[in-house]
Amino acid sequence: MIKRYLALVLSILCLLTWSGGTALAAGTIFLSQGDTTFLYLNKKEVRYVHDDETISFLLQKGGRLLLTDGRGSRAFLEFAAYDGTTDGVGYAVRKLCSANPNNTFYEILADAGAHGENVGYWVIGKRDGRWVKYVTIDSLAAIGYNAHSWHRIRSEIKAGELVVISTREYIAPGSKDDSKTELVDDWKFQLNWDEEGSRFEIKCVTGDGSH
């Protein structure tokens, strides 16, 4: 009974937005996701030009990632696995391009282990001259996502909207071989940039409160 009640509550939360339950405002139309660069082992850095300045994502010891200026002398943001993992952490970084050239964001996904368990998700951008983390795992958890169970995360652009999809891995029912697993999508979030509020609004499109 308690489990069903919790599932019902989380399902209701999925109908609400990150901004408190109001309808998603009309915002930026996303056009494309740039090429993904995976920073791990021998690949330590990827650079972009943003507002006519070079920025760098630099992989550090201890499973951390830094956003710095082009020379690596000034750090703007730091990223680390939300569960404290320091070994075997890799970061996938890519640019998010929108119809408004003034709204360019960067998406960072962190994973660890041979099966690619997600240990971090961020969407960042520049606001009033400063780099900020607009979306994090905590943002998704606030509307029902269970950050402490095993998941992978991926994203795609559909109809101009950024959609984040969570996948879980499980052993097929009746299987006696725990090395044979299957994947199923269990959470889907729609991220919409609100021009007026200068923030992302997040809507849970689908979700299963048991995961």
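Here, the structure is the one placed above.
Residues numbered from 1 in each chain as written. Predicted model: local features only at pLDDT ≥ 70, side-chain atom pairs only at ≥ 80, totals over all residues. Heavy atoms only, no water.

**Looking at the sheet that holds strand 6 (residues 75-79)**
Selection criterion: The criterion for strand pairing is that DSSP finds at least two bridges linking the strands in question. Helix and strand labels come from DSSP, where a helix needs a run of H or I of at least four residues and a strand needs a run of E of at least two; each type is numbered from the N terminus. Note on method: axes are straight lines fitted to C-alpha atoms, helices fitted across the in-contact stretch only, with angles between N-to-C directions ranging 0 to 180 degrees.
Pairing in this open sheet of four strands is antiparallel, and the strands run 3-4-5-6 from one edge to the other. Both outer strands of the open sheet, strand 3 (45-50) and strand 6, are each paired with one neighbouring strand and no more. Across the sheet, the mean angle from the axis of one strand to that of its neighbour is 20 degrees, orientation sign disregarded. Here strand 5 (residues 65-69) runs beside strand 6; their pairing, made up of four bridges, is antiparallel. Across the sheet, Leu 66 pairs through a bridge with Glu 78, a residue of strand 6.

**Regarding the packing of aromatic side chains**
Condition: Pairs were defined over the aromatic rings of Phe, Tyr and Trp, the Trp ring being its six-membered one, requiring ring centres within 6.5 Å. Orientation was assigned from the angle between planes: stacked under 30 degrees, edge-to-face over 60, tilted for the rest. Note on classification: 1.4 Å probe, protein chains only; a residue is buried when its accessible area is under 20% of the maximum for its type, exposed when over 50%, partly exposed between these limits.
Considering all chains together, one arrives at 17 aromatic pairs under this definition. Geometrically, the ring pair formed by Tyr 145 and Phe 189 is edge-to-face, given 6.1 Å between the ring centres and 80 degrees between the ring planes. One end of the pair, Tyr 145, is in the loop between helix 2 (137-141) and strand 11 (152-158); the other, Phe 189, is in strand 13 (residues 181-194), and 44 residues separate them in sequence. Across this residue pair, the class does not change: Tyr 145 and Phe 189 are buried. Each residue in the set Phe 30, Phe 105, Tyr 134, Trp 193 and Phe 200 is aromatic and connected to the rest through ring pairs, giving one cluster.

**Quick word on the layout of surface pockets**
In plain terms, the rule: With a 1 Å grid laid over protein atoms only, a set of points is called a cavity when a 1.4 Å probe fits there but cannot get out and a pocket when it is open yet has protein on both sides within 12 Å along at least five of seven lines; lining residues have an atom within 4 Å of a point. Grid points are joined across faces, edges and corners, and a volume is the space filled by probe spheres set on the points. Polar here means any residue outside two lists: the nonpolar Ala, Val, Leu, Ile, Met, Phe, Trp, Tyr, Cys and Pro, and the charged Asp, Glu, Lys and Arg; Gly therefore counts as polar.
The volume enclosed by the largest pocket comes to roughly 220 Å³. If you trace the largest pocket, you find it lined by Glu 53, Thr 54, Ile 55, Asp 69, Gly 70, Arg 74, Ala 75, Phe 76, Lys 126, Gly 129, Arg 130 and Trp 131. Among the elements of the structure, strand 4 (53-59), strand 6 and strand 10 (130-135) are those that each provide at least two residues to the lining of the largest pocket. The element contributing the most residues to the lining of the largest pocket is strand 4, with three residues. The residue inventory of the lining of the largest pocket, partitioned by class, reads four nonpolar, three polar and five charged. The volume enclosed by the second largest pocket comes to roughly 200 Å³. If you go around the second largest pocket, you meet 15 residues; those closest to its centre are His 50, Asp 51, Asn 102, Asn 103 and Thr 104. A per-class count over the lining of the second largest pocket returns six nonpolar, five polar and four charged.

**Focus on the pairing of strand 9 (residues 117-127)**
Within strand 9, eight of the eleven residues are buried, leaving the element largely enclosed by the surrounding structure. As defined by bridge partners, strand 8 (residues 105-112) adjoins strand 9 across seven bridges and the pair is classed as antiparallel. The residue of strand 9 that forms the bridge with Ile 108 is Trp 122. Remark: four residues form the turn of the hairpin made by strand 8 and strand 9, two consecutive strands paired antiparallel; Gly 113 in that turn has positive phi of roughly 85 degrees. Pairing of strand 9 with strand 10 involves five bridges; the strand directions are antiparallel. Note that in strand 10 the partner of Gly 125 across the bridge is Val 132. In textbook terms, the turn of a hairpin is the stretch between consecutive antiparallel strands, and for strand 9 and strand 10 this stretch comprises two residues, one of which, Asp 128, has a positive phi near 55 degrees.

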